[in-house]
Structures are given as C-alpha cells and as structure tokens.
Amino acid sequence: MSESNANQQLLIEGAGCASCVGKIEAALKKTPGVVSAQMNFADRTASVTGTASTQALIAAVESVGYNARAVEEQDDEDLLGEKELADRTYYKKLVRDTVIALSVGVPLMLFGLLGGDMTVTTAMQRAAWLGVGLLTLAVMYVSGKHFYTGAWKSFKNHNANMDTLIALGTGTAWLYSMVVVAIPEAIPAMARHVYFEATAMIIGLINLGLALELKARGKTSEAIKRLIGLQAKTATVIRDNKEVQINIAQVLLDDVVKVRPGEKIPVDGVVCEGHTFIDESMLTGEPMPVEKSKNDEVAAGTINTSGTIQFRATRVGKDTALARIISMVKRAQNSKPPIGRLADVISTYFVPVVMIIAVLTALAWLNFGPEPALALAMVCATTVLIIACPCALGLATPMSVMVGVGKAAEAGVLIRNGEALQTASKITAMVLDKTGTITEGAPQVTDVVVADTHEQQEVLQLAASLESGSEHPLAQAIVSKAQEQDVELLPVDSFKALTGLGVEGRCDNKTLFFGNAKLMQQQGITLGDFSERAHGLAKQAKTPMFFAIDGELAAIIAVADPIKKDSIAAIERLQDNGIRVIMLTGDNQETAAAVAHKAGITEFFAEVLPEDKANKVKELQEADEVVGMTGDGINDAPALALADVGFAIGTGTDVAIESADITLMRGSLHGLADAIAVSKATLTNIKQNLFGAFIYNVAGIPIAAGVLYPFFGMLLSPVIAGAAMAFSSLTVVSNANRLRLFKPKDA
Amino acid sequence: MIIINILGLALIVLIVWWFWLYKPAQTVMQTQPLTIEVKDGVYTPAAIQVAAHQTVTLNFLRKDQSPCSEMLLIPDLGVSEQLELDKVTPVTLTDLAPGEYPFHCQMQMYRGTLTVV
C-alpha cells in the first residue's frame, strides 16, 4: 500500500474494552506521518489522517497487542465470496418469483389455449375473472414488485429503463382486463377479452430470464475468480527469530517469509535463502517450473514446487504483481471498446422511443384496425412494450469483453482496455524489436579475433574493464566472458557512452574505444582486413564490435544473441494471419539480415537508433498500416506509445504492466499471436451479439406492432413477446460464454 | 376518434418532454463525500452539481441485488467501478474540468449526470 495523506480506516480486532481505545490511539499517533488518529469503540474502527502507510499503521496497532486491517482493503476473495452469496440469494428470489407467477400464468394460458372462454359476458364470468384479476394483482405485487418500484422511481427521475417497459406492458394488460371485468359496458362487446394470463406469464418469464442470465453471468467472470483464487491466505514470516503464521494482509515490507514445498508464494519478494523450482504457469502461461535461488525474484500466487526458501518481501498487499494483474484485468473487463459506442447511444434513447412506438401502434390500430380495434390496439401496444429489449443491446459488448479479457489473462496476455482489444484485432503490421523480443536478450561472446600486436588476455581484460561501466546487454556479455576466464577487471577513468556508437574511456593509461564501425571511422581508425572478417561474422548472425587501443584497432569481439526457441514458429503464426512482420535492430545490416533470415522475417531495418524506432512506426502508420509494436517496454517506450497497439514483453513476473496496451507475461512471441487471436475472437463475438440484439429489436418491434397482420393475419401474443425478451439477454450472455471455449493455437 | 388521436399525440409530446427535454433540479454538492444510493433502477441523487478543479468523492451505496446495478461507469473520466452490495464504494475524482459527465450502469438503465461548473 502506498503512502497516502487521505483518511484511512482501520478495523481493529481484539479491542474488548473501552480502555483499549486510548492505547491504540496513542500507538497510531506515535507512527511517523500520522496527523490525527481517532478510534470509534462502537464499530471498532480507527480513522487516521496523515501520510503514514497502511502497513505502518497496522504494525503500530499490532505493537500494542491488537490486530488491524484496512477497512477498504477487504480481501478480493472475501468480496468475491460475498458477491457469490448475494447472487445466490438473488437467484433464489428470482426462481421463487418465477414459480409463483408461472403457477398462476400457466393454468390460465392453458385454459385459453384449450378453448376456455377468456371473455366477460355473464355475471358468473365477471365474478370468476374478478377473482383471477385479484390473484394476478397478488402475483404482480409478490413477483413483480421490483419492476413497478423501479419503473416508478425511474419515472420520477425523468428516466426510463427496462422496468418501465415491463411495468407499462404488464400494467396495461392487467388494467385493461380489470376495466373489462369492472365496467364491461365501457368496452365494445367484441373487445371484452381479459389478458390476466399475459400479465402473470410475462412476469414469470422475465424473472426466469433474469435468473438464467444471473447464472450465465457468473460464468463470464471465471477467469478473474481463478486469478483471485491464486492468492494465498496466510504467510509464515520470521519475526524475532520465530516463525509466525499471519494473515497475508499483515505481511510487511522487508518481512522475511518462509515458503515450504507445495505452498503458494504469499507476496512478492527476493530470495535470501534456499534453492527451489517455482511453478509460474498461472501468471505467465510458462509450463516449466523456473529455478530460483538467492537474489532471484518470486511472485505472489506462484507455487513453490521443490525446496524450502526464505525471501524478503518487496511488494505486499495491493502492490504485488498478482494484485496489480487482478486489478488491471478487472478494469479492462469493465471497459468498452469503441465498437460498443453506437449501442450505448441507442440505449440512451431506446426506452422512450419504444414508448412512443407503442402509442403510435395503439393509434394505428384504433384508426385503421378491424374490430375489436380497442382490444387489438391494447394487445399490440403491450406486445411492443414487452418485446423491446434494451438489455440485450447493453449487454452485447461488455459480456464479450469480460470473457475475452479474462481468457487472454489465462494465456498470460494482459489487455489494458477495450480499445486495445479492438485495435489488436485489426493489426496489419507487427514491428518487433530484435533484442529480448525475437532473441533471448542474453548475448554471449562467440569470437575474439585479436590483432597480431596484442594478446587475447590483455584485450579481454581492457575491453571487459571498459564495458563494466555500461548497462548494454552486449557489454554484459563481454564482462561475463572475462569473469568466466577469471580475468581481473581494472579501474576505468573518463568513461563515456556514445549513443548509437559504443563507449570510450581510459584504463591502464590507455585510451580505449569500443563499438561499431561508425565509431572507428569517426575516430579515424582504419579497419584494414578486419573489415572483411567482421562481414564474415555478421553473416553468421553475430554482432562484431571493434576494440581500439590508443588509436589502433586491437580486436574484433563478436557477440551473438540466440533466437528464442519458439520465435520462429510464433512469427510464422503471425505471417499466416496475414500480418506483415518487421524487425528493428540497432545491429549492423549484415547481422540483422542473418537474424531476420533465421527468424523467417523478410522485412527489417538495421542500425536503428532507439529514438528512430518511433519514426519507423510512424512511417508504417502513414502507409495506412495498423501497427503493433513489441518491445521490452523500457527502451522502446516512445515507439510503444506511438504504435496503434504497444505490446510489452515481460519475462516471468517482472512486468511493466502499466507501460503498454498489451503485456505478455511470458517472453514467448506466441503471446502476440495469442493476443491477436483472442482479440479477433472477442470482436467477432461482440459483432454477433450486437447484430443479434439489433436485429432482434429491429424485427421484433414491428412484428409486435402487427405489421404482419395486413398480409398474413398474424399477431404476436404478448406472452411470446415476454419469452422472447427474457431469452434475448440470456442469448447474448450465453454467446459471450462460448468464448470461454476459445483456445489459441499455441505451439 | 379525433380526441383519441389528439390524446395519443399529446402523450407522445409528454414522453419527449418528460424524458428528454425536462432538466431535473440538481443536487449541489456542498459537503464531502456525497452518498449516492443505487436502488430500484435509480441513482439518488442522479443530477449532481460540483465545483470545477476540486477533488470530489462520491460514495456509491448499492442496495439493489440486480446485477444491472453492479457496475458504475463514468466513460468521459475513464471510471469503471464494481459496486459491492450493501457497501459504500467511494469514487474520487480530481481536478474536474467544467462540463457534463454522464454516469450509468453497464446497460445504461441506471443513469445520472455530474455537472461541473
């Protein structure tokens, strides 16, 4: 939890008497950064203002013998449990409402269908239908109260929603029927028909639809449930040389946490003791357990498979990679891609427009309809109100996004929002940074070609000493090579990194230059026959670098960065999908050509400076390409930001999940093809849903209004309209759920 | 029949006026935070007025079991919050520029407007 100067609420556990209040308040006030602290004994909460972190406040309360937790920091799993319980209760209520309404509606409907007289002609019928009318009123109260309350409250607020349509539809049918029963003479003899069965059936069917939709909705959030389920509940920490088992919320930064084989890693940290293999598949999709020893990072939610380790907590609570992933997935699941905007605009005007259509329908039947015009006008207006379904439109996009984003997260692909999801499905060109994206990003020295005037040991010592000041991956390779050979590194003066060229410095009273051919040229150092040898190395996909001592070329050191084992297959998958794959690298032309050839890429740009990567992206965009850019998220930030979709490749758990539109949790490029495949599948699903919802309303409303009557003498029953409306939303949710079965074709 | 037609057309005019043209009175936010009840298809209050360039906390108290009420979206401000049942979900907005910011549920059945002046 980060620092905050806002008001923080702590729930205090174990405070049994009022005298505890003073003790707890004093402990909180002593915490650095606290401005004020006040405890409410009645509800066992403490309000604290100031800049102290939540962890510090919890520690202060614990120091005086009580437990505390942040009120707003309720565990995701607890929240999920509460939500599921609430949903179950609501489901039971909906089922009960359905049973009550249908137990009145179904017999009435069967009576009508089997030839029963649904009109009011005799006093006996009047009395019987009055009883049925009152029974239906009871159904409306017991099973449909929420529709009427919602409709009335919305109406008072100058708003109209689905409740308005249901309340108006069922209300009109009931009211008309009651008028037929109470004052039959007010209605023409032919129109003295009662529609109580429609009211009860519609209420029953819509409740049933809502219940089934609730069940189906539960499935759409399975991915996030799985992620939340990864969180451990307790942690074993070592405090005062003793192992203490505490709630995960109470783990503090720098706590030493002990994890035995088979246990989950409770928070993020760095291993300080032990050696083990950790299964990170749940976060990264990487199936092989990863070896961890001292100074390696471990992430919350992953599983320790073999040895016992101790690690120092570096990120706890909401700051762990898992918590950030959960929060990001939740946010993304609730964001909307632009494709849903039209449906949103329509939803805004939908209900009042349907009400107007219902009025026009009634007027049309009254003016031009055959007898009994009044009954037909009422039936058709009611059917229009009932069949219209704003919910299907409203649900079409969010349900698919919810499942699609969750599905991607399961494959180790974190999609930042709906817009990224939509754009990723349209990518036509994918720009890949070479180092760390196509290749392992861990180069190794392959060749050291030394001039006759120098010794290999001397060259390696000076080159490694000079490069020890550089953070470039190629420099690291040279330092590692020297360390392997137990070469002692010397101090370096006047070290300077020359962007796009190399480095310079002084060591052992010698002036050293190390870098590419351009640097040598700039310094007036002749390459001689070394130039030829450098070309030969470059053709083998190696990066040759020149090393000059006191103005004379001393050696070529060649470094190669192996291509990741699945890069070639993943690039082929992208190309098979019709995506133009382009490689960018700072390497020279020949090395770039060799790497590109090995990776199966025909288009590449060599000797690209970091700042020019964004320009390349821009050039592609100007050529009407929808550009995806993949990089490590650090050096490529401007290019990632400029691209239509920026993909950051995370390795393992070290992810900069805020830096890109889409983050690939594992290093494999298959994540790119997976991300694009999931995006395409989701967009197709959204389109199906939107199309279905549009067509349903566009075709359903005129049919309900009776447009088929003049041609075929056909009218839609309000009961059928009720069933169609109830199941239209369910269809949308179920179609979104089909996405759960989607499997990216990973190699 | 003429009377029925006139009544019908009047009803249409009334629908247009009531749902689209009528501007409901706004609740001017004077104390922080303001609690907005989410119940029976309605945000109460639904029309809120706040001063520009201030930090505003709106406490959404969801009392409706229906999943419709579960999400709160303020699209123009990039806010997307899941509202827990029977709990307050605070939404803090900072440095708001003058303008109208509609907020609604996922299906746009619940609707409200935050007016920044």
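The structure presented is a predicted model; accordingly, all values stated were derived computationally and were not measured.

K.L.:
I'm lost on the pairing of strand β25 (residues 645–649) of chain A in this one. Help?
P.N.:
Strand residues, when the strand is regular, have side chains that alternate between the two faces of the sheet. Residue and element names in this part refer to chain A. The buried fraction of β25 amounts to 5 of the 5 residues, a majority that puts the element mostly inside the structure. Both strand β24 (residues 627–631) and β25 contribute to a ladder of 4 bridges, which runs parallel. In the sheet register, T630 faces β25, and the bridge partner there is F647. Relative to strand β26 (residues 662–664), β25 runs parallel, the two being bridged by 3 bridges. Bridging across to β26, I649 finds its partner in L664.

K.L.:
Would you take a moment to explain the interface of chain B and chain A for this structure?
P.N.:
Think of interface size as the accessible area that goes away when the parts come together; that is how it is often given. Listed per partner, the contact involves 37 residues of chain B and 45 residues of chain A. Overall, the association of chain B and chain A removes approximately 3,800 Å² of surface from exposure, summing both partners, and the carbon and sulfur fraction of that is 61%. Of all residues in chain B, F19(B), Q106(B) and M109(B) bury the most surface against chain A, accounting for 18% of the area lost on that side. Across the chain B-chain A interface, the total number found is 3 salt bridges. Measuring nitrogen to oxygen at the nearest pair gives 2.1 Å for the salt bridge that ties E82(A) to K87(B).

K.L.:
How should I be thinking about the pattern of salt bridges in this particular structure?
P.N.:
It is possible for side chains of opposite charge to pair when their charged atoms get near one another. All names here are of chain A. Applying the stated criterion across every chain yields a total of 24 salt bridges over all chains. With its nearest N and O atoms 3.6 Å apart, the salt bridge here joins E410 to K407. Placement of the pair is E410 and K407 together in helix α12 (residues 390–410), with a separation of 3 residues, close to one helical turn. On the basis of relative accessible area, E410 is assigned to the partly exposed category, the value being 31%. In this structure, the salt-bridge partner of E619 is K616, at a minimum N-O distance of 3.8 Å. Of this pair, E619 and K616 both sit in helix α21 (residues 613–622), 3 residues apart, roughly one helical turn. When its relative accessible area of 42% is taken as the criterion, E619 is described as partly exposed. When salt bridges with common partners are traced through the structure, they connect E222, R226, K407, E410 and R740 into a single cluster.

K.L.:
Any chance you could explain the environment of D587(A) here in plain terms?
P.N.:
Inspection of the secondary structure assignment puts D587(A) in the loop between β22 (580–584) and α20 (589–599). The residues contacting D587(A), other than those within four sequence positions of it, are K434(A), T543(A), A592(A), A606(A) and E607(A).

K.L.:
Got a minute to help me understand the packing of helix α10 (residues 341–368) of chain A against helix α1 (residues 2–21) of chain B in this structure?
P.N.:
Helix-helix packing is characterised by the crossing angle of the two axes and by the distance between the axes. Running from amino to carboxyl end, α10(A) crosses α1(B) at an angle of 180°, the nearest separation of the two axes being 10 Å. Here α1(B) runs roughly antiparallel to α10(A), going by the angle between their axes. For the pair α10(A) and α1(B), the contacting residues are T348(A), Y349(A), P352(A), V353(A), M355(A), I356(A), V359(A), L360(A), L363(A), L366(A) and N367(A) in the first and I4(B), N5(B), G8(B), L9(B), L11(B), I12(B), I15(B), V16(B), F19(B) and W20(B) in the second. Broken down by class, the residue content of the contact of α10(A) with α1(B) amounts to 17 nonpolar, 4 polar and no charged.

K.L.:
Help me understand the pairing of strand β8 (residues 268–274) of chain A in this model?
P.N.:
All names here are of chain A. Of the pairings in the sheet, the one linking β8 to strand β13 (residues 309–315) comprises 6 bridges and is antiparallel in character. Bridging across to β13, V271 finds its partner in F311. Alignment of β8 against strand β11 (residues 297–298), held across 2 bridges, turns out to be antiparallel. Opposite G269, over in β11, you have V298 as the bridge partner.

K.L.:
Just to check I follow, could you spell out unusual backbone geometry for this structure?
P.N.:
Across residues other than glycine, the phi torsion is negative in most instances, and most of the peptide bonds are trans. Cis geometry is found at the peptide bond from E371(A) to P372(A), where omega equals -5°. Looking along the chain, the bond that leaves T44(B) and enters P45(B) is cis, with omega of -5°. Looking at the secondary structure, you find P45(B) in the loop between β3 (42–44) and β4 (47–50). In the Ramachandran plot, D550(A) falls in the positive-phi region, its phi being about 50° despite a non-glycine side chain. With respect to the helices and strands, D550(A) occurs in the loop between β20 (543–549) and β21 (552–560). Look at H53(B): it is not a glycine, yet its phi comes out positive at around 60°. On the secondary structure map, H53(B) appears in the loop between β4 and β5 (56–62). With relative accessibility at 53%, the residue H53(B) sits in the exposed group.

K.L.:
How should helix α6 (residues 196–220) of chain A be read in this particular structure?
P.N.:
Since there are 3.6 residues in each turn of an α-helix, residues three or four apart along the chain are aligned in direction. Here α6(A) is 25 residues long and its end C-alpha atoms lie 36 Å apart, about the 36 Å a rise of 1.5 Å per residue gives. Burial analysis of α6(A) places 20 of its 25 residues in the buried class, the great majority of the element.

K.L.:
Help me understand the sheet that holds β21(A), please; the structure alone is not making it clear to me.
P.N.:
Adjacent strands of a sheet form backbone hydrogen bonds with each other and so pair up, either parallel or antiparallel. Residues and elements named next belong to chain A. Strand order in the open sheet made by the 6 strands is β16-β21-β20-β19-β18-β17, with antiparallel pairing throughout. Of all strands in the sheet, those with a lone pairing partner are β16 (444–450) and β17 (492–498), marking the two edges. Each neighbouring strand pair of the sheet contributes to a mean axis angle of 20°, computed without reference to strand direction.

K.L.:
Just checking my understanding: could you explain the packing of aromatic side chains for this structure?
P.N.:
Under the definition given, this model contains 17 aromatic pairs over all chains. When the ring of F155(A) is compared with that of W18(B), the centres are 4.8 Å apart and the planes differ by 20°; the resulting orientation is stacked. Here F155(A), found in helix α4 (residues 123–156), pairs with W18(B), found in helix α1, and the two come from separate chains. Measuring from centroid to centroid gives 5.8 Å for Y349(A) and W20(B), while their planes differ by 65°, and the two rings are edge-to-face. Placement of the pair is Y349(A) in helix α10 and W20(B) in helix α1, with the two residues belonging to separate chains.

K.L.:
Looking at this model, I keep getting lost on the side chain of E197(A). Mind explaining?
P.N.:
Residue and element names in this part refer to chain A. Along the chain, the position of E197 falls in helix α6. Buried E197, no salt bridge; nearest opposite-charge side chain is R192, N-O distance 17 Å. Non-local contacts of E197, meaning those with residues more than four positions away in its chain, are made with G105, L108, M109, M118 and V719.

K.L.:
Please clarify how the confidence of the model for chain B should be interpreted in this entry.
P.N.:
Mean pLDDT over chain B: 88, with 100% of residues reaching 70 or higher. At the level of chain-chain contacts, confidence expressed as ipTM amounts to 0.85, with global pTM at 0.77.

Reading the values: the criteria
Residues numbered from 1 in each chain as written. Chains lettered and ligands numbered in written order. Predicted model: local features only at pLDDT ≥ 70, side-chain atom pairs only at ≥ 80, totals over all residues. Heavy atoms only, no water. Buried < 20%, exposed > 50% of the residue type's maximum accessible area, 1.4 Å probe, protein only. Helix = DSSP H or I, 4+ residues; strand = E, 2+ residues; numbered from the N terminus. Pairing = 2+ DSSP bridges. Contact = heavy atoms within 4.5 Å. Buried area = accessible area lost by both parts, 1.4 Å probe. Salt bridge = Lys/Arg side-chain N within 4 Å of Asp/Glu carboxyl O. Axes fitted to C-alpha atoms, helices over the stretch in contact; angles between N-to-C directions. Parallel < 35°, antiparallel > 145°, perpendicular 65-115°, else oblique. Nonpolar A, V, L, I, M, F, W, Y, C, P; charged D, E, K, R; others polar. Expected span 1.5 Å × (residues − 1). Phe/Tyr/Trp six-rings, centres within 6.5 Å; stacked < 30°, edge-to-face > 60°. Lys, Arg positive; Asp, Glu negative; His and termini not counted. pLDDT = per-residue confidence, 0-100.

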